[in-house]
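Now for the letters of each chain:
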Amino acid sequence: MENISVLGCGTMGHSIALSAAWSGFDVRLFGMNEKDLETAEKGIGSKLSVMTENGLINRMEAEEITGRIHLTDRLEEAVAGRSFIIEAIPEDLELKQTFYKELESLIPDQTVVASNTSGLRPSDLAAGADRPERFVVTHFWNPAHLIPLVEVVAGRETSEETVGRAMALMKAMNKKPIEVKKELPGFIGNRLQYALFREAQYLIDQGVATKEDIDSAVTYSIGRRLPVTGPLKSADMGGLDVFKAISDYLFADLSNAPRSGETLSSLVDTGKLGSKSGEGFYLWDDGQSSSIHAEREKTLIDFLKNDLERGQ
């Protein structure tokens, strides 16, 4: 059984630590300072409360999970005796590489170093490392304690043993790991997500429909099917002859824009960044933001309950 440390206690870091502790692992969670750790502790408590309120766990289980998470702002303490380290610091290649230099001086050769990056190539992350064969990407999806998918991505020098250990650990954490066999920007999930987002941007830029109707076209159609059948299985069920015929005439008309669309660029340039700034494609206030986040979290919990009932 691996001994886990999570380095970085922000949105993803503390959620990954919660996921590990929920599956029975004692995990050390590293933060840069006491303030970061206090924020992480509150975030973990809040998430456990929501999980308890929605019947995913009971109060005793919540207490046990809390007891398995050990917070520290001392890196040496965080990694001492650890066999598997998950790095979840900000998405900055130079910052990560500098951090790895310090990290490698503190850990034995057999310790796996996994990055939670959502798009940086593992070969780039491991460039200059003493032991590049032990570097791998384990890309969790937000919120990491509720989304099952983890993308495991090897670099050019990542060993098969490292990939195997990463896959085995993710399964032991009750995740649904997939192995990305080629390191490419965005891996798999984000490439699919942003292909849809690019077309949505194109449709709103062209005035084809309102933002509400574009969103509804997803949430009330393919969004209902995709949790059960992904795009390739859906094609099988619909008939590959039909999907080929539609692909042949439709692909030429789909957006192939190499950059963000006009509407999105204009919103960002004027500081309209979505729920965090109060306005984006939609207007947001605190009540609306909390309500939508709670609704989405409950839906994810319902999906997870269904997975657990089916033994997936």
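Since the structure is predicted, the reported quantities are computational estimates derived from the model, not experimental observations.

Chemist: Explanation requested: a nonpolar patch on the surface in the structure shown.
Modeler: A cluster of nonpolar side chains, V242, F243, I246, Y249, L250, F251 and L254, forms an exposed patch at the surface whose accessible area comes to about 650 Å². Mapped onto the secondary structure, I246 falls in helix α11 (residues 240-250). Residue classification places I246 among the partly exposed positions, given a relative accessible area of 37%.

Chemist: Explain the sheet that holds strand β5 (residues 112-115) here, please?
Modeler: Hydrogen bonds between backbone atoms are what pair the strands of a sheet, whose relative direction is either parallel or antiparallel. Reading across the sheet, the 8 strands line up as β3-β2-β1-β4-β5-β6-β7-β8 and stay open at both edges, with mixed pairing between neighbours. The two strands at the open ends of the sheet, each matched to only one other strand, are β3 (69-72) and β8 (176-180). Looking at each pair of strands side by side, their axes are set apart by 25 degrees on average, direction ignored. With 4 bridges connecting them, strand β1 (residues 4-7) and strand β2 (residues 27-30) associate as parallel partners. Residue pairing in the sheet places V6 in a bridge with L29 of β2.

Chemist: Is there a simple way to explain the packing of aromatic side chains in this structure?
Modeler: Aromatic ring pairs are defined here through the distance separating the ring centres and the angle between the ring planes. Applying the stated criterion across every chain, the model contains 2 aromatic pairs. Considering the side-chain rings of Y194 and F197, the 5.9 Å spacing of their centres and the 80 degrees angle between planes classify their relative orientation as edge-to-face. Here Y194 pairs with F197, and both are found in helix α8 (residues 189-205), just 3 residues apart, close to one helical turn. Look at Y194 and you get partly exposed, because its relative accessible area is 49%.

Chemist: Can you help me understand unusual backbone geometry in this one?
Modeler: Residues apart from glycine generally show negative phi values, whereas peptide bonds are mostly found in trans. For the bond running from N142 to P143, omega is -5 degrees, close enough to zero to count as cis. Turning to its location among the elements, P143 is positioned in the loop between β6 (135-140) and β7 (149-154). Even without being a glycine, N174 presents a positive backbone phi close to 65 degrees. Tracing the sequence through the fold places N174 in the loop between α7 (160-172) and β8.

Criteria and thresholds
- Residues numbered from 1 in each chain as written.
- Predicted model: local features only at pLDDT ≥ 70, side-chain atom pairs only at ≥ 80, totals over all residues.
- Heavy atoms only, no water.
- Patch = residues over 30% accessible without salt bridge, like charges linked within 9 Å, V, L, I, M, F, W, Y side chains within 5 Å.
- Areas by Shrake-Rupley, 256 points an atom, 1.4 Å probe, with all protein chains shown as cover.
- Salt bridge = Lys/Arg side-chain N within 4 Å of Asp/Glu carboxyl O.
- Helix = DSSP H or I, 4+ residues; strand = E, 2+ residues; numbered from the N terminus.
- Buried < 20%, exposed > 50% of the residue type's maximum accessible area, 1.4 Å probe, protein only.
- Pairing = 2+ DSSP bridges.
- Axes fitted to C-alpha atoms, helices over the stretch in contact; angles between N-to-C directions.
- Phe/Tyr/Trp six-rings, centres within 6.5 Å; stacked < 30°, edge-to-face > 60°.

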